[in-house]
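What follows is the residue order along each chain.
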Amino acid sequence: MDSGRVMIVTHRLYYDEVYLKEFDATVLEVRPGKDGYEVRLDRSAFYPTSGGQPYDTGVLGGRQIRDVYVDDDLEVWHVVDGPLTVGEAVHGQIDWARRFDHMQQHAGEHMLASAAWRLLGGTVNGLHLGAEVTTIDVLLPDGSMRVDEDVIRQLEDDVNEKIQRDVPIRQWFPTAEELAALPLRKAPTVKEHVRVVQIGEVEYVACGGTHPSSAGQIGLLKIVDARPSRGRMRLTFLCGGRAYADYRKRMDVMNRAARALSSGWETLDESVESLKARLHAAERAVAEARAAQARQRLDALETAEVGGWQIRAGDVGAVDAVTLKELALAGIDTPHTVWLLEAVGGQTTYLAFAAAEGCPWSMGRLLSEAAKAHGGKGGGRPDYAQGSCSGAGAAADALRSIRGSEQGA
């Protein structure tokens, strides 16, 4: 830092009053930056990105806030969309909806991390407060990365019970003696000016973020996902307004689905299972019908005799790859037979080439070349190969290749 510069560290007003929405300040420094103009004030209520919590947005001196960050000297810089003048008095106004949302999510994170510590012995690493969801990564003592649904509900119940009781949330800078006596959930990451957040009588943790004054203002915490992530269990959750919006969206989707199935939401799962069973039966019936049609079409395939071998080639209709394989292999029970089959009709054309024992042509090579010519791929053994491509004609191409090889011989 320039030795001639007068150091006045920005007074962070949110430490004094977290509900402060507007404030007045004096501009101490302005400099051009990559994303706008960077402004340093003598005092500010705008929260800078830190501790996993994003920065506040709003208006400063008529300029829009694009970013707020802290540099290595602990100075708070406000990135705005236009220049301000050093020495001028400016008025700041915080986007309160964004700030309060972050307060809800951050306090909920503390309570969920506390529950994971007390109930599971898990330590939390990595808070990410995103625009839609918040996540924490929990390192469990046995190294596992999953827990049962009942355990997830226990974590939720632990947090929401305290939210319903509206336990107080205290945020302060304790003295060194007081700090040493506090039962902190984990050691502070800084040695000086340690700020502690206490929630009820069970959560004590060092944190410089913003939180409401009582847990009831969080409203609700809902875990929406739990999965392994980099050796830990990642919990994704929603608090407050986010949880309410998610609940309403899920209810809307569920009610529309229930109406579509002429069901109430209470029996929606049963209706879905019944629909799945009927769909599976219908798909099985369609597959069986297509297989029967394919077997009938085998007799109509192009037939050629090359070098004493009977070769049948062509399209058997829109059957799946498994059925096509069964048809091809069933046909080679007769000695000196070759089946070059394709199933055209779906988005993908399936190929299955099979030959009886002693065939002079490699099915793997024939199929690979034919599939590649039609934008596909495949291959296999000399007596059987399978693959896929686009459109029709791969089987006919393979038959022409066999004929050409015989003529060349």
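Provided above is the structure to which this section pertains.
Quick caveat: nothing in here was measured; it's all calculated off a predicted structure. (Residues numbered from 1 in each chain as written. Predicted model: local features only at pLDDT ≥ 70, side-chain atom pairs only at ≥ 80, totals over all residues. Heavy atoms only, no water.)

When helices and strands are tallied, the protein shows 8 helices and 21 strands. Its C-alpha atoms give the protein principal-axis dimensions of roughly 100 × 55 × 45 Å. Considering the protein as a whole, with its 409 residues, one finds that 43% of them fall into the buried category. Partitioning the contacts of the protein with sequence separation of at least 6, the portion at a separation of at least 24 is 59%. Of the roughly 21,500 Å² of accessible surface on the protein, 51% is carried by carbon and sulfur atoms. Each charge class in the protein can be summarised by its mean position, and for the 46 positive and 58 negative side chains these summaries are 2 Å apart. (Helix = DSSP H or I, 4+ residues; strand = E, 2+ residues; numbered from the N terminus. Buried < 20%, exposed > 50% of the residue type's maximum accessible area, 1.4 Å probe, protein only. Contact = heavy atoms within 4.5 Å. Areas by Shrake-Rupley, 256 points an atom, 1.4 Å probe, with all protein chains shown as cover. Lys, Arg positive; Asp, Glu negative; His and termini not counted. Charge placed at Lys NZ, Arg CZ, Asp CG, Glu CD.)

Remark: a regular strand shows side chains that alternate across the two faces of the sheet. Along strand β17 (residues 309-315), 5 of the 7 residues are buried, which leaves the element largely enclosed by surrounding structure. Two strands pair when backbone bridges link them, and strand β16 (residues 302-306) and β17 are joined in this way by 5 bridges, in the antiparallel orientation. Residue Thr 303 lies in a different strand from β17, and its bridge partner there is Arg 312. Hairpin connection between β16 and β17: a loop of 2 residues separates the two successive antiparallel strands, and Gly 307 in this loop has a positive phi of roughly 60°. With 6 bridges connecting them, β17 and strand β18 (residues 337-343) associate as parallel partners. In the strand pairing of β18, Asp 315 is matched with Glu 342. (Pairing = 2+ DSSP bridges.)

For the rest of this paragraph, the subject is the pattern of salt bridges. Between side chains of opposite charge, a pair can form as their charged atoms come close. The final tally for this structure, using the stated rule, is 20 salt bridges. A salt bridge links Arg 40 to Glu 29, with the nearest nitrogen and oxygen atoms 3.1 Å apart. Of this pair, Arg 40 sits in strand β3 (residues 36-41) while Glu 29 sits in strand β2 (residues 22-33); the two residues are 11 residues apart in sequence, bridging distant segments of the chain. In this structure, Arg 40 and Glu 29 share a single accessibility class: buried. A salt bridge links Asp 225 to Arg 227, with the nearest nitrogen and oxygen atoms 2.6 Å apart. Relative accessible area serves as the criterion here: at 47%, Arg 227 is assigned to the partly exposed category. Taken together, the salt bridges that share partners define one network made up of Arg 118, Asp 158, Glu 161, Lys 162 and Arg 165. (Salt bridge = Lys/Arg side-chain N within 4 Å of Asp/Glu carboxyl O.)

Now for the packing of helix α1 (residues 96-120) against helix α4 (residues 240-260). Contact geometry of α1 with α4 gives a least axis separation of 7 Å together with a crossing angle of 90°. With respect to α4, the axis of α1 lies roughly perpendicular. The residues of α4 that touch α1, namely those facing Asp 101, His 102, Gln 104 and Gln 105, are Gly 240, Gly 241 and Arg 242. Residue classes in the contact of α1 with α4 are distributed as no nonpolar, 5 polar and 2 charged. (Axes fitted to C-alpha atoms, helices over the stretch in contact; angles between N-to-C directions. Parallel < 35°, antiparallel > 145°, perpendicular 65-115°, else oblique. Nonpolar A, V, L, I, M, F, W, Y, C, P; charged D, E, K, R; others polar.)

Quick look at the sheet that holds strand β21 (residues 384-389) now. Spatially, 6 strands are ordered β16-β17-β18-β19-β21-β20 in an open sheet, and the strand pairing comes out mixed. Edge positions in the sheet fall to β16 and β20 (377-380), since each has one partner strand and no second. Neighbouring strand axes in the sheet, compared pairwise and without regard to direction, differ in orientation by 10° on average.

What follows covers the layout of surface pockets. Quantified by volume, the largest pocket comes out at close to 1,000 Å³. Forming the walls of the largest pocket are 35 residues, and the residues nearest its centre are Tyr 15, Thr 189, Val 190, Cys 207 and Gly 208. Of all the secondary structure elements, the ones that give two or more residues to the lining of the largest pocket are β1 (11-12), α1, β9 (123-129) and β13 (203-206). Of the residues contributing to the lining of the largest pocket, the split by class is 17 nonpolar, 12 polar and 6 charged. Counted as a void, the second largest pocket has a volume near 290 Å³. Considering the residues around the second largest pocket, the lining is formed by 13 residues, among which Lys 222, Asp 246, Tyr 247, Arg 250 and Met 251 are closest to the centre. When residues of the lining of the second largest pocket are traced back to their parent elements, those giving at least two are β14 (221-229) and α4. Considering only residue class, the lining of the second largest pocket consists of 9 nonpolar, no polar and 4 charged. (1 Å grid on protein atoms, 1.4 Å probe; cavity = no way out; pocket = protein on both sides within 12 Å on 5 of 7 lines; lining within 4 Å. Points joined across faces, edges and corners; volume = space filled by probe spheres on them.)

Here we take up the packing of aromatic side chains. Summed over the entire model, instances satisfying the criterion amount to 7 aromatic pairs. Both rings, one in Tyr 14 and one in Tyr 15, keep their centres 4.8 Å apart while their planes meet at 65°; by these two values the pair is edge-to-face. When its relative accessible area of 2% is taken as the criterion, Tyr 14 is described as buried. By relative accessible area, which is 27% here, Tyr 15 ends up partly exposed. Sitting over the ring of Tyr 55, Arg 98 keeps its end group 5.0 Å from the ring centre. (Phe/Tyr/Trp six-rings, centres within 6.5 Å; stacked < 30°, edge-to-face > 60°. Lys NZ or Arg CZ within 6 Å of the ring centre and 35° of its normal.)

The subject of this paragraph is the side chain of His 102. Locating His 102 in the fold gives a position in helix α1. Given the relative accessible area of 3%, His 102 is considered buried. With residues up to four places along the chain from it excluded, the contact list for His 102 reads Gln 53, Pro 54, Tyr 55, Leu 129, Thr 210 and Arg 242.

Throughout the structure, instances matching the rule amount to 1 cavity of 30 Å³ or more. In this structure, the largest cavity spans a volume of roughly 30 Å³. Lining the largest cavity are Met 111, Ser 114, Arg 118, Asp 158, Lys 162, Ile 199, Val 202 and Glu 203. Elements that contribute at least two residues to the lining of the largest cavity include exactly α1 and α2 (149-165). Looking at the lining of the largest cavity, the element that brings in the most residues is α1, giving 3 residues. Here the lining of the largest cavity is built from residues that sort into 3 nonpolar, 1 polar and 4 charged.

Read these as geometric descriptors, not functional statements.
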